[in-house]
Amino acid sequence: MTARARPDLDVGAGLYAFTGDSTAPDYARSPVFAAQALSPAFQARLLELNETAPDAIFDLLRKRLVTCGGLEQVLGRGSPVVEHFRRVMVRAGISDGFCMFAQDTEGGSVTLSAPSAAVVAPSPRVRGIWQRVGLHLVAGLRLRRKLAARAMSRDVLLSPAGRVEDASADVAADGDARRALTEAVQAMDRARSTELRGSPSAPSTSGAAWSPAAGRSWSTGSETAAGTWPPTPTGPACSTRAR
């Protein structure tokens, strides 16, 4: 993930990502940490930054499923969190950075951050795109946790085109259920494709049409893909340097 994101987010000091199992990011206890060309001076102070962070940042993050943008851009220049960040990182030559934090409703989270020597203020479109990426990531991690814990069973697996790839005996024998699921998945995919092509940074509404059809533990092919890594949108439109 960090390798795919680096061309768009790295502004000279690298980037890093880590996962969490609580509703606040905790670098020290993270089971997964990955970095790409991360500034050694920044990384040397990262643990201190996390351990001495003001409670205000955790209070803010707990209230949102996804938080994304430049540090000063999101919190304001006079924020105690921004002041603390700059005080710790002044010797590393870092004063701001892009950060995306996303969490699910069960306490899992993912943080993606790219420190910067200058103030970073990505456009609303860029922030919207990376918010989508964050929500896809955290949804995929949640699905992986559930599958690993065997906390969910799958009755049927469908591709985005609505083709039944796998089904339990009950679903395989129920033609009406298969047809209803195929039509629902096709409708969801058409709505989602239209939305993303028209405005990749806009909030998705296609899920609303899908929810009534998902009364059981249905899983689409796209959900399964999210369990690995959805293709990261890359290019100028996704860069923190884009306006």
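Quick caveat: nothing in here was measured; it's all calculated off a predicted structure.

A. Representation of helix α1 (residues 2-9) in the model. Looking only at α1, the buried set comprises Thr2, Ala5, Asp8 and Leu9. One face of α1 carries all of its buried residues, which in axial projection span an arc of 120 degrees. In this fold, the buried residues of α1 make contact with β1 (15-20), β2 (33-36), β4 (96-103), β5 (109-116) and α7 (124-148).

B. The arrangement of the nonpolar core in detail. In terms of nonpolar packing, the biggest core is built from 18 residues, with Leu9, Phe98, Met100, Leu112 and Trp130 touching the most fellow members. For this core, the secondary structure elements donating two or more residues are α1, β1, β3 (66-70), β4, β5 and α7. Sorting elements by how many residues they give to this core places α7 first, with five residues. Beyond its immediate stretch of four places on either side in the chain, leucine 112 contacts Met1, Thr2, Ala5, Leu9, Leu15, Tyr16, Ala17, Phe98, Cys99, Met100 and Trp130.

C. Quick peek at the packing of aromatic side chains. For the structure shown, the criterion picks out five aromatic pairs. Ring pairing ties together the aromatic residues Tyr16, Phe18, Phe33, Phe42 and Phe85, which thus form one cluster.

D. Seen up close, helix α4 (residues 55-62). Of the positions making up α4, those classed as buried are Ile57, Phe58, Leu60 and Leu61. One side of α4 carries all its buried residues, which in axial view fall inside an arc of 160 degrees. Looking at the buried residues of α4, the elements they touch are α3 (46-51), β3, α5 (71-75), α6 (80-89) and β4.

E. Region of interest: the environment of alanine 167. Along the chain, alanine 167 turns up in strand β7 (residues 164-167). According to the relative accessible area criterion, alanine 167 is partly exposed, its value standing at 27%. A sequence separation of 13 residues divides alanine 167 from arginine 154, and the C-alpha atoms of the two residues are 8.0 Å apart. Contact partners of alanine 167, with chain neighbours within four places excluded, come to Asp155, Val156 and Ala172.

F. Molecular detail of the pairing of β4. Among the eight residues in β4, seven count as buried, and that is most of the element. Linking β4 back to β5 in an antiparallel pair, the connection comprises five residues, with glycine 107 at a positive phi of about 100 degrees.

G. Region of interest: the sheet that holds β2. Spatially, the five strands line up as an open sheet ordered β2-β1-β5-β4-β3, and their pairing is antiparallel. Each edge of the open sheet carries a strand with a single partner, namely β2 and β3. The average undirected angle you get between the axes of adjacent strands in this sheet is 10 degrees. Two elements, β3 and β4, share five bridges in a ladder whose sense is antiparallel. If you follow threonine 67 over to β4, its bridge partner there is phenylalanine 101. Against the sheet, α1 engages β1, β2, β4 and β5, with an angle of about 135 degrees to β1.

H. Here's a closer look at unusual backbone geometry. Non-glycine residue alanine 37 carries a positive phi angle of around 50 degrees. Looking at where alanine 37 falls in the secondary structure, it is placed in the loop between β2 and α2 (40-44). Residue classification places alanine 37 among the partly exposed positions, given a relative accessible area of 47%.

I. Representation of the pattern of salt bridges in the model. Applying the stated criterion across every chain yields a total of eight salt bridges. For arginine 6, the salt bridge goes to aspartate 10, with nearest N and O atoms at 3.0 Å. Ionic pairing is found between arginine 86 and glutamate 72, a salt bridge with its closest N-O pair at 2.6 Å. With arginine 86 in helix α6 and glutamate 72 in helix α5, this residue pair connects regions lying 14 residues apart in the sequence. Since its relative accessible area comes to 14%, glutamate 72 is described here as buried. Because the salt bridges share partners, they merge into one network encompassing Glu72, Arg77 and Arg86.

Scoring rules and cut-offs
Residues numbered from 1 in each chain as written. Predicted model: local features only at pLDDT ≥ 70, side-chain atom pairs only at ≥ 80, totals over all residues. Heavy atoms only, no water. Buried < 20%, exposed > 50% of the residue type's maximum accessible area, 1.4 Å probe, protein only. Helix = DSSP H or I, 4+ residues; strand = E, 2+ residues; numbered from the N terminus. Arc of directions from axis to C-beta. Contact = heavy atoms within 4.5 Å. Core = buried A, V, L, I, M, F, W, Y, C linked by side-chain atoms within 4.5 Å. Phe/Tyr/Trp six-rings, centres within 6.5 Å; stacked < 30°, edge-to-face > 60°. Pairing = 2+ DSSP bridges. Axes fitted to C-alpha atoms, helices over the stretch in contact; angles between N-to-C directions. Salt bridge = Lys/Arg side-chain N within 4 Å of Asp/Glu carboxyl O.

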